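As a plain string of letters, each chain reads:
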Amino acid sequence: QVQLVESGGGLVQTGGSLRLSCAASGRTFSTYVMGWFRQAPGKEREFVAAISWSGGNTYYADSVKGRFTISRDNGKNTVYLQMNSLKPEDTAVYYCAARAYQRFSTSAQEYHYWGQGTQVTVSS
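In this text the structure is predicted, and so the values were computed from the model without any measurement.

Q: Honestly, the environment of S7 in this entry has me stumped. Any pointers?
A: Within the secondary structure, S7 sits in strand β1 (residues 4-7). Given a relative accessible area of 38%, S7 falls into the partly exposed group. Remark: the alpha-carbon pair of S7 and A23, spanning 16 residues in sequence, is separated by 8.3 Å. Setting aside its immediate chain neighbours within four residues, S7 contacts R19, L20, S21 and T118.

Pasting the structure below:
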């Protein structure tokens, strides 16, 4: 069992930056693929980024590539999402998720544990 708690969301102007954190409980954190997803009002939850258990491999949605960076610190049981050059279309609730297999996935249905989400609002 893994429990995830996100933090770091807030209101920022276009072009600004935010860093989201996701603290995980459980001794097996380092064995999970970790992902970030987001959901805007009236839209389906969409994949943002994922990182392998070691942190050596990352994968991004085209919409955030070059602007967002996912990283993890297994010693602190924490995964991060650094978001730069934010745009109004990045406004959403951002969710941290854990996948109990080593193969990457961009499908929300293939992640086993979820946090409660943190709101990110980018003003124009």
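Q: Please explain the sheet that holds strand β8 (residues 78-83) as it appears in this structure.
A: Two pairing modes exist for strands in a sheet, parallel and antiparallel, and in both the strands are linked by backbone hydrogen bonds. Strand order in the open sheet formed by four strands is β1-β3-β8-β7, and the pairing between neighbours is antiparallel. Two strands close off the open sheet at either side, each with one partner strand: β1 and β7 (68-73). If you compare each strand with its neighbour and ignore which way they point, the axes differ by 15° on average.

Q: Looking at this model, I keep getting lost on the pattern of salt bridges. Mind explaining?
A: Two side chains bearing opposite charge may form a pair once their charged atoms approach each other closely. This structure, assessed with the given rule, holds six salt bridges. For D90, the salt bridge is made with R67, and the minimal N-O distance between the two is 2.8 Å. With D90 in the loop between β8 and β9 (92-99) and R67 in the loop between β6 (58-60) and β7, the pair connects residues that are 23 residues apart, well separated along the chain. On the basis of relative accessible area, D90 is assigned to the buried category, the value being 1%. Judged by its relative accessible area of 11%, R67 falls in the buried class. Among the ionic pairs, R103 bridges to E110, the shortest N-O distance being 3.8 Å. In this structure E110 comes out as partly exposed when scored by relative accessible area, which is 31%. In this structure, a network of salt bridges that share partners links the residues R38, E46, R67 and D90.

Q: I'm lost on the environment of S21 in this one. Help?
A: Relative to the elements of secondary structure, S21 occurs in strand β3 (residues 18-24). On the accessibility criterion, S21 (18% relative accessible area) is buried. When the C-alpha positions of S21 and L81 are compared, they lie 6.5 Å apart, and in sequence the two are 60 residues distant. When near neighbours in sequence (up to four residues on either side) are disregarded, S21 contacts V5, E6, S7, W36, T78, V79 and Y80.

How each quantity is defined
Residues numbered from 1 in each chain as written. Predicted model: local features only at pLDDT ≥ 70, side-chain atom pairs only at ≥ 80, totals over all residues. Heavy atoms only, no water. Helix = DSSP H or I, 4+ residues; strand = E, 2+ residues; numbered from the N terminus. Buried < 20%, exposed > 50% of the residue type's maximum accessible area, 1.4 Å probe, protein only. Contact = heavy atoms within 4.5 Å. Pairing = 2+ DSSP bridges. Axes fitted to C-alpha atoms, helices over the stretch in contact; angles between N-to-C directions. Salt bridge = Lys/Arg side-chain N within 4 Å of Asp/Glu carboxyl O.

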